[in-house]
Amino acid sequence: MIEILSDNIISPLGFTSEENYLNVKQGKSGIRTYDNIFDVGRQVSCSRMDGDLLDAEFQKVTGLCPTEYTRLEKSALTSAKKAIDALGIDPKNPRVGFYLSTTKGNVELLDQNLFDDPRLYLWNTADKIAQFFGNPNKCTVVSNACISGICAIIAASRAIESGRIDYAVVTGADVLSRFVVSGFGCLKALSADPCKPFDKDRKGLNLGEASATVVLRRAVDGSGNLKFLRGSIRNDANHISGPSRTAEGAFNALTDILQDFDKSQIAFVSTHGTATAFNDEMESIAIDRMELNDKPVNAFKGYYGHTLGAAGVLEAIIAKHSIMDNTVIRTLGFENLGTSKQINPTSENLATDKQYFVKLISGFGGSNAAALFKKEV
Amino acid sequence: MAFIYDFAYINEKRNIFGKGGYRYNVPDKELAENNFLTAIYRLCEFSYPKFFKMDNLSKAGFLASELLVDELDENFERKDCGVILFNRVSSLTTDKNFENTIKDPENFYPSPALFVYTLPNIVTGEICIRQKFYGESSFYVMEDFDTQRIVDIISDSLQQNKYVMTGWIDETDEGVKALMFLVTRDSLYNTWIPFTVEAIEDMRKLVF
């Protein structure tokens, strides 16, 4: 078993997990509506970090010069540093492994016509992180579309359980770019207005940017830290850009993690909940097939947008802080159920005394992942 | 201990492809009519029209996976197989094509098919769809073919997957390179190739 020793979120809603969680709990959103962001010629709503604030925080935390680093590197390094600094561990120790979850890395450099820039390689960004901390290991890069964050947590946990490392620093990071706005635009997946997960009037997703870090180690009984019990990654084998009509992969992943488990102990399911018609429908089918219809279900996309490679890590951290606070967070943007299956998205913050939550996530390439977490009492 | 059931490979620069001990070249007259990957598709007489919509990473993954499952043991349970692949460049070649397309303001929202392939893990999805694999699918990016790290990651994943189709699949200016192998933890399929760093290093020297 694995536990989360410390965590950090760098996002438009703050530069610590605590600040982020409090803002989410109060219903604040990082999403703003832009008339022509990146000169894309249409109205788009997205959750964007203030560059000056990020630069100041980056310089304060790392002592490095902001002009020498990309936006992605700045947010990822700041997040990893703050998560590590909260602990007494030495990041130079070879028994510490670094993991980076990202979908597009520094792809914004292509928007700047830098087609031969070595920083376009995802491993270049990853190595910069490990080298900054003086860690001798290669940083492992997981690039598994939108489920990358949970995949990285699973991969790091396996490495700890196999005994190769004692601590894992898992950072999920992606930034907004013209490239990504165009891509999701051509899929007709973008909502011009703030998104409405699971709602009958949902019109698509909002993009977001963030970095989020968890530091993991083998669980210690009585430490009080959140435990990561089980994780599973499963493919739909159905379509590369559309989810399965039977939610096959999501259902199989949920089945794997909830085998022989008393589901009445689950406080909530933190879904992917992008607010696209297809994704939310698919997740409702997975939840229905799993007979979790009465469980509170939430999605954090109304606060952060879809933060791509950061999403799995960021959303697990918000879910962690909420269960530690005996709270189930409201699904911002949700009003009236708009899925074919009867499920229970939260329309307000709820109190809970239960100890377990499920994180569910899906992405292109037919990929799905589920993870089960437990609060120690 | 896990075993390598079989391996398949494609190396455009050396004009070779094959499976296990069988190695082939694409004849010049085929290359005059088709690009390297399409020529292999024609030579092997595969029939999968979706192939022509794929980017090169997915085409190479499709071809290697077809070679690997050819004459597979009938007890192999497809639904329990995962696909976990590794490379150096992620989807950067397709990313650059996409960026070049959207530089034209008239084409800022191009065909969705082009964007979808700007994710490296799409090839894992294409293989799962074609082969009806419902196991774990993942993609990792690393600077070099780091055999030890690949063996570590795949060994970990075999605790949750009976079989994993895995390997290296990359696209550079020199063309496409793929070395994929089917790894099994099931003693039913014990072959004489153990899943070790040494065995994979030997294969790599043979084909890259």
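The rules behind each value
- Residues numbered from 1 in each chain as written.
- Chains lettered and ligands numbered in written order.
- Predicted model: local features only at pLDDT ≥ 70, side-chain atom pairs only at ≥ 80, totals over all residues.
- Heavy atoms only, no water.
- Contact = heavy atoms within 4.5 Å.
- Buried area = accessible area lost by both parts, 1.4 Å probe.
- Salt bridge = Lys/Arg side-chain N within 4 Å of Asp/Glu carboxyl O.
- Pairing = 2+ DSSP bridges.
- Helix = DSSP H or I, 4+ residues; strand = E, 2+ residues; numbered from the N terminus.
- Buried < 20%, exposed > 50% of the residue type's maximum accessible area, 1.4 Å probe, protein only.
- Polar contact = N/O pair within 3.5 Å; in protein donor to acceptor, adjacent residues only side chain to side chain.
- Core = buried A, V, L, I, M, F, W, Y, C linked by side-chain atoms within 4.5 Å.
- Right-handed = clockwise from strand over helix to strand, strands pointing away.
- Phe/Tyr/Trp six-rings, centres within 6.5 Å; stacked < 30°, edge-to-face > 60°.
- Lys NZ or Arg CZ within 6 Å of the ring centre and 35° of its normal.
- pLDDT = per-residue confidence, 0-100.

Student: Tell me what's going on with the interface of chain B and chain A, and back it up with residues and numbers.
Tutor: Quite often, the size of an interface is put as the accessible area lost when its parts meet. At the interface, 49 residues of chain B touch 54 residues of chain A. Per-residue buried area on chain B facing chain A is highest for B:Tyr109, B:Phe115 and B:Tyr134; these three make up 15% of the total on that side. Taken together, chain B and chain A are joined by five salt bridges. Its salt-bridge partner being A:Arg158, residue B:Glu136 comes within 2.8 Å of it at the nearest N-O pair.

Student: So, the sheet that holds strand 3 (residues 44-47) of chain A: which residues are in play, and what are the values?
Tutor: All names here are of chain A. Sheet architecture is open: three strands sit in the order 2-3-7, paired in mixed fashion. Unpaired on one side and paired on the other, strand 2 (31-34) and strand 7 (207-208) mark the two borders of the sheet. Examined bridge by bridge, strand 2 and strand 3 share four bridges and lie antiparallel to one another. Paired with Arg32 across the bridge in strand 3 is Cys46.

Student: Could you give me a rundown of the side chain of B:Asp156, with the residues and numbers involved?
Tutor: Looking at where B:Asp156 falls in the secondary structure, it is placed in helix 7 (residues 147-157). According to the relative accessible area criterion, B:Asp156 is buried, its value standing at 5%. In terms of polar contacts, B:Asp156 uses its side chain to reach the side chain of A:Arg164, at 2.9 Å. Ignoring anything within four residues of it in the chain, the contact list for B:Asp156 reads A:Arg158, A:Ala159, A:Ser162 and A:Arg164.

Student: Explain the nonpolar core residue by residue, including any values.
Tutor: Considering soluble globular proteins, one finds that nonpolar side chains tend to be buried as a cluster. Among the nonpolar cores identified, the biggest contains 100 residues, and A:Phe184, A:Leu207, B:Ile10, B:Leu63, B:Phe133, B:Met165 and B:Ile169 are the most heavily contacted of them. The element that contributes the greatest number of residues to this core is helix 3 (residues 56-69) of chain B, accounting for eight residues. A:Val24, B:Trp168, B:Ile193 and B:Ile200 belong to the second largest nonpolar core, which has 77 residues in total.

Student: Go over the pairing of strand 10 (residues 266-270) of chain A, please, and point to the residues and values.
Tutor: A regular strand carries its side chains on alternate faces of the sheet. All names here are of chain A. Counting buried residues in strand 10 gives five out of five residues, a clear majority hidden from the surface. Across four bridges, strand 10 lies against strand 15 (residues 356-363) in parallel orientation. By the bridge assignment for strand 15, Ile266 is matched with Tyr356. As paired strands, strand 10 and strand 11 (residues 296-298) are joined by two bridges and run parallel to one another. Along strand 11, the bridge assignment pairs Ser270 with Asn298. The parallel pair strand 10 and strand 11, bridged by helix 9 (residues 277-289), forms a crossover whose chirality is right-handed.

Student: Before we move on, could you go through the packing of aromatic side chains and cite the residues and values that matter?
Tutor: Applying the stated criterion to the full structure yields 31 aromatic pairs over all chains. On the basis of an interplanar angle of 25 degrees and a centroid distance of 6.2 Å, the ring pair of B:Phe7 and B:Tyr9 is categorised as stacked. As far as the burial class goes, B:Phe7 and B:Tyr9 line up, both buried. Clustering of aromatic rings is evident, with ring pairs tying together B:Tyr41, B:Phe46, B:Tyr48, B:Phe51, B:Phe52 and B:Phe62. Positioned over the ring face of B:Phe51 is B:Lys59, at 5.4 Å from the centre of the ring. Its guanidinium or amino end placed over the ring of A:Tyr121, B:Arg88 lies 5.1 Å from that ring's centre, counting from NZ or CZ.

Student: Tell me about the confidence of the model for chain B, and please be specific about residues and values.
Tutor: Summary statistics for chain B give a mean pLDDT of 94 and a share of 98% for residues scoring 70 or more. Here the complex is predicted with pTM 0.98, and the ipTM for its interfaces comes to 0.97.

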